[in-house]
Amino acid sequence: MSSRSPAGRKLVQAGAFSLLWVSALLSVLVLASVVGYVMIKGIPELNLSFFTTPPRGGLSGEGGISSTIVATLYLVVMTLLVAAPLGIGAGVFLVEYAESMQNRLMKPLIRIARFGVETLAGVPSIIFGLFGYALFVTLMHFGFSLLSASLAGACLILPVVIRTTEEALKAVPQSYREGSLSLGATRWETIRRVVLPSAVPGITTGMILGVGRIISETAVFYVTLGGSYRTPTSILSSGRTMALHVFYLAMETRAFEKAMATGAVLIACIIAVNLAINAVSRRLTAGGGRW
Amino acid sequence: MPEPRMRTIDYCLYYGGFRALNSISMDIPPNMITAIIGPSGCGKSTFLRSFNRMNELIPGVRVTGKVLLDGEDIFSLDVVSLRRKVGMVFQRPNPFPKSIFDNVAYGPRIHGLRKGDSLAALVERSLKAAALWDEVKDDLQKSALSLSGGQQQRLCIARALAVEPEVILMDEPASALDPIATLKIEELLQTLKENYTIVIVTHNMQQAARVSDFTAFLLMDESRAGNLVEFGPTKQIFTTPRDSRTEDYISGRFG
Amino acid sequence: MTGTVSARGRMKRLTDSAMGLVLLGSALVSVTIVLLIGLFTLKEALPAFRDIGLVRLLTGTEWRPGQDLYGLFAMIAGSVLVTLGAIVLGLPLALGCAVFLAEVAPAWVRAVVKPSIELLAGIPSVVFGLFGMVVLVPMVRGIDVPGNAGFGLLSASMVLAVMILPTIASVAEVALRSVPEEYRQGSLALGATRWETLRRVTVPAARSGMLAAVVLGLGRALGETIAMIMVIGNAVMMPEAATSNPLTIFLSRARTLTGNIAVEINYATGLHAAALFATGVVLFVLIMIVNASARALLASGMRRG
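Cut-off values and rules
Residues numbered from 1 in each chain as written. Chains lettered and ligands numbered in written order. Predicted model: local features only at pLDDT ≥ 70, side-chain atom pairs only at ≥ 80, totals over all residues. Heavy atoms only, no water. Helix = DSSP H or I, 4+ residues; strand = E, 2+ residues; numbered from the N terminus. Rg over C-alpha atoms; globule rule 2.2 N^0.38 Å. Expected span 1.5 Å × (residues − 1). Buried < 20%, exposed > 50% of the residue type's maximum accessible area, 1.4 Å probe, protein only. Phe/Tyr/Trp six-rings, centres within 6.5 Å; stacked < 30°, edge-to-face > 60°. Core = buried A, V, L, I, M, F, W, Y, C linked by side-chain atoms within 4.5 Å. Domains from an automatic or database assignment. Contact = heavy atoms within 4.5 Å. Buried area = accessible area lost by both parts, 1.4 Å probe. Salt bridge = Lys/Arg side-chain N within 4 Å of Asp/Glu carboxyl O. Polar contact = N/O pair within 3.5 Å; in protein donor to acceptor, adjacent residues only side chain to side chain. Nonpolar A, V, L, I, M, F, W, Y, C, P; charged D, E, K, R; others polar. pLDDT = per-residue confidence, 0-100. Pairing = 2+ DSSP bridges. Axes fitted to C-alpha atoms, helices over the stretch in contact; angles between N-to-C directions. Parallel < 35°, antiparallel > 145°, perpendicular 65-115°, else oblique. Left-handed = near helix turned anticlockwise from the far one by under 90°.

(A) Highlighting the overall build of chain A. Check the secondary structure of chain A and you find 11 helices and two strands. In sequence order, chain A lays out its α and β elements as α-α-β-β-α-α-α-α-α-α-α-α-α. Computed over its C-alpha atoms, the radius of gyration of chain A comes to 24 Å, more than 25% above the 19 Å expected for a compact globule of 291 residues. Projected onto its principal axes, the C-alpha positions of chain A cover 70 × 65 × 35 Å.

Now the structure itself:
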């Protein structure tokens, strides 16, 4: 091994770095081609009546997507109604209470709770579907319905909500808590009046992430929501979210143009979700947190 | 005074629009220890990092003036070759998360060995020169992170020596160490200067007085830019400083 | 006066501990859900394990609900092969992307690439499936091999490769970014180039985190359902090579464990349903193993860091 020339080593670096550039560009290209393709094929199909008329079934997938928009909205709201209080509560407990509870009864309980959250986060969505189908659809006789689907969906997004809540709370400076406690406030008063208000943007991010998950999830709702394309009239109605509609259009009616159009709307929703998250976290930064 | 190993001429450094170093001209004599002292924030470390162009890693940094190594402009040199000739030891020991051997062998492995030299011999020579060999020779495969702070710092010195530099820059190399480890490093410096030119930044004036041959005193002016106030033999700087600000500083009247 | 104050104080303390209990309750809900999922799936799967037997369930290659034949081996092979294909296709790109974002990208390029990758993570799997059906399947169909219909492992691997890219890239990027700056500076100060520093110091120091990223990607790939149903063909068959070239195995149609559940659960009864729940158990165990190893890797990286 003799002394290596700096020029040769620079050349190796240039080669390696260009490969890295290529891999990043390729990734962006892949994204652009998926999004671009669906948008280009889908957007020409869009018009006002597409959004205001329900699907009419049929082999070419006639009609629009109005009832699927309604079903998606209902499902998002119902899921959040279940998952938000539970998830935020669990997050608050794990950050604000768990540390100080070191007695013999609580310690294992807290360990189990943490294990539960971690496990839940790794469970593949079809398992939630399977579980939801067995428990809510069959055993509890909710049938294929918004109720079954939103309960299964709540289980699905619970870990997201818990984790983002935990992170938001951990980011609240300890001095806030000390300040409030030193004034004689109880722990709960401190949480409610000082900690939670400063964690609102972070928790909101978690909610929006959950909304994104529900909008894009298909497998869980395929086995819990049924597939009726009529507008749901009660929480026991079957229904179709937009994502589910794309699946049915592609797999059953083979109406790819309509599927692309619905897909374009879905992508637009996801972009909106990402923008919302960015906006919230920008406020978070501008608000002068610890970042 | 012999031909300087390194010199700066009208050297200025800017962070964006802020001037951090103001027109510094200074010579680094060969095989001597040159200490740079001054109050915190005066730009000592920034100045030190100018000698091996480490400031280039910071976005928005711009320099004017010249820095020479053996009469050659370091900005016309290849940065890799420059850093091979001008090594650096950091304030906090920063061994890589590898074995002791692999840490010292890192430089020779990337640069290539000189003909007829073996890696093991070079590692041993470097560890001996850094006065660490006797403590680690039985277990060179041990993780470097398992060493004590003082040993880690001597390992970093050995790592720098293994690429056979001409100049070694030391940025407060003992400030994170206990007094005994500090003493060891200071003793080591005295043996190293036979073969190397050493520039050391220190906030500890006693240390500068103890170990160095020449001392430079930096101070920030009204616009918070670092200026070279006085440079000379250490003995003269600490006994008969020419500038009243130097006298104020070494007698502890500010900073 | 003091009486009312202390009464109020008692009230406050009462609220405080009551809220503590309420919050503990909500924390335990997630545990309950995990327990319920586990218990339910196991309970429903029990008849399958009892009447079919674990060995025949895992090693049987025939899945014919009409004749009460329930072997999952073909689906296990399908899941494993498609995951393997996705890793081979997606891993270089994903890791390249991570290293690029963490170490090489100028700020403005990062500001474009990073949100793109994040967006990629959010795109619904049904859209990837649709794209696969309309664009990739016809492309794959162009490969001239007998019996190749386009739907199959290759199309599915391609779709999956794109889907796991953001997971792997973002976790690996975090791992690289958490390597202390001192390591890089130490290496650069010795005259190493940025590439040498990256290859010999930064990447080795981030190794366990990057490995965890890959394992998490594996978990994601094994769990994907809808996009797989749309492009893999869903035929219950052992994937096999159509010609002497063993790579043509990837042109074979197949079915994943996840797809098996989704496609059949809504009309299954009796032992058939139980066998599908057993599919869920197998999938659950597989993913638990994968995720546990990812967690262990991340933890070991933390300790050494």
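The rest of the description comes next.
(B) Representation of helix H9 (residues 207-223) of chain C within the structure. Residues and elements named next belong to chain C. Given a rise of 1.5 Å per residue, 17 residues ought to cover 24 Å, and the 25 Å separating the end C-alpha atoms of H9 matches this to within 8%. Extensive coverage of H9 is indicated by the burial of 12 of its 17 residues. All of the buried residues along H9 are Ser208, Gly209, Met210, Ala212, Ala213, Val214, Val215, Gly217, Gly219, Ala221, Leu222 and Gly223.

(C) Seen up close, the packing of aromatic side chains. What the rule picks out here adds up to 17 aromatic pairs over all chains. Both rings, one in Phe17 of chain A and one in Trp195 of chain C, keep their centres 6.4 Å apart while their planes meet at 85°; by these two values the pair is edge-to-face. Note that Phe17 of chain A is positioned in helix H1 (residues 6-42) and Trp195 of chain C in helix H8 (residues 194-205), a pairing that runs across two chains. Where Trp63 of chain C meets Tyr70 of chain C, the ring centres are 5.2 Å apart and the plane angle is 75°; that geometry is what we call edge-to-face. The rings of Phe131 and Phe136 of chain A together with Phe40 of chain C are connected pair by pair, giving a single aromatic cluster.

(D) Expanded view of unusual backbone geometry. Phi is positive for Arg254 of chain A, which is not a glycine, with a value near 55°. With respect to the secondary-structure elements, Arg254 of chain A resides in the loop between helix H10 (242-253) and helix H11 (256-286). One non-glycine residue, Glu164 of chain B, lies in positive phi territory at about 55°. Structurally, the position occupied by Glu164 of chain B is in the loop between helix H6 (149-161) and strand S7 (167-171).

(E) The nonpolar core, seen in detail. Ranked by size, the top nonpolar core spans 192 residues in total, and within it Phe93 of chain A together with Phe100, Val126 and Met230 of chain C carry the most contacts. Here this core gets 16 residues from one element, more than from any other, and that element is helix H3 (residues 73-104) of chain C. Mapped onto the domain boundaries, this core takes at least three residues apiece from domain 1 (1-51) and domain 2 (52-304) of chain C. Counting 46 residues, the second-largest nonpolar core is a separate cluster that includes Ile37, Val136, Ile185 and Leu219 of chain B.

(F) How the structure looks around the interface of chain C and chain A. Facing 77 residues of chain C, the contacting portion of chain A comprises 77 residues. For the pair chain C and chain A, the two sides together bury roughly 6,900 Å², of which 81% comes from carbon and sulfur. Taken together, chain C and chain A are joined by two salt bridges. For Glu196 of chain C, the salt bridge goes to Arg9 of chain A, with nearest N and O atoms at 2.6 Å. Taken together, the connections running from chain C to chain A amount to 11 residue pairs in polar contact (both at pLDDT 80 or more). In terms of residues, the side of chain C that touches chain A owes the most to one element, helix H1 (residues 2-51) of chain C, which gives 20 residues.

(G) Main features of helix H11 (residues 257-264) of chain C. In terms of burial, H11 of chain C is largely enclosed, as seven of its eight residues are buried. Listed as buried for H11 of chain C are Leu257, Thr258, Gly259, Asn260, Ile261, Ala262 and Glu264 of chain C.

(H) Local environment of the domain arrangement of chain C. Residue and element names in this part refer to chain C. Domain boundaries assigned for chain C yield domain 1 (1-51) and domain 2 (52-304). Distance between the C-alpha centres of domain 1 and domain 2: 36 Å. Across the boundary between the two partners, domain 1 contributes nine residues, which contact 11 residues of domain 2. Summing both sides of the interface, domain 1 and domain 2 together bury roughly 890 Å²; the carbon and sulfur share of this comes to 80%. Applying the counting rule to domain 1 against domain 2 returns zero salt bridges. Here domain 1 and domain 2 share three residue pairs in polar contact (both at pLDDT 80 or more) between them. Taken together, the residues that form the side of domain 1 that touches domain 2 break down as five nonpolar, one polar and three charged.

(I) Quick look at the confidence of the model for chain A. Residues and elements named next belong to chain A. Looking at chain A as a whole, its pLDDT mean stands at 88, while 95% of the residues score no less than 70. For chain A, the element scoring lowest by mean pLDDT is helix H4 (residues 106-122), at 81; helix H9 (residues 219-222) scores highest, at 95. Low pLDDT, under 50, characterises residues 287-291; the stretch is placed with seven contacts to residues that sit more than four places away or in other chains.

(J) Structural context of the pairing of strand S1 (residues 6-15) of chain B. Residues and elements named next belong to chain B. Pairing of S1 with strand S2 (residues 18-28), which is carried by seven bridges, proceeds in the antiparallel orientation. By the bridge assignment for S2, Thr8 is matched with Met26. Hairpin connection, S1 to S2: the antiparallel pair is bridged by two residues, and Gly16 has positive phi, about 60°. Pairing between S1 and strand S4 (residues 61-69): eight bridges, direction antiparallel. Looking at the pairing, Ile9 lines up with Lys66 of S4.

(K) The arrangement of the pattern of salt bridges in detail. For the structure shown, the criterion picks out 27 salt bridges over all chains. Here Arg125 of chain B and Glu164 of chain B are joined by a salt bridge, their closest N and O atoms 3.2 Å apart. Of the two residues, Arg125 of chain B sits in helix H4 (residues 119-129) while Glu164 of chain B sits in the loop between H6 and S7, which places them 39 residues apart along the sequence. The class of Arg125 of chain B is partly exposed, set by a relative accessible area of 42%. Exposure remark for Glu164 of chain B: the relative accessible area of 32% places this residue in the partly exposed category. In this structure, the salt-bridge partner of Glu264 of chain C is Arg255 of chain C, at a minimum N-O distance of 2.8 Å. Each member of the pair Glu264 of chain C and Arg255 of chain C is classed as buried.

(L) View of the pairing of strand S10 (residues 226-233) of chain B. All names here are of chain B. Pairing between strand S9 (residues 214-220) and S10: seven bridges, direction antiparallel. Looking at the pairing, Phe217 lines up with Glu230 of S10. Taken together, S9 and the strand that follows it, S10, pair antiparallel across an intervening segment of five residues, in which Arg224 is found at a positive phi of about 65°.

(M) Fine view of the packing of helix H5 (residues 125-141) of chain C against helix H6 (residues 153-177) of chain C. Residues and elements named next belong to chain C. Between H5 and H6, whose axes approach to 9 Å, the crossing angle comes to 140°. The angle between H5 and H6 falls in the class oblique. Crossing hand, H5 versus H6: right-handed. Residues Ser125, Phe128, Gly132, Leu136, Val137, Met139 and Val140 of H5 form the contact with H6, whose participating residues are Leu154, Ser155, Met158, Val159, Val162 and Met163. Residue composition of the contact of H5 with H6, by class: 10 nonpolar, three polar and no charged.

(N) Region of interest: the side chain of Ser125 of chain C. Locating Ser125 of chain C in the fold gives a position in helix H5. In contact with Ser125 of chain C, other than residues within four places in its own chain, are Ser216 of chain A together with Met163, Glu224, Ile226 and Ala227 of chain C.

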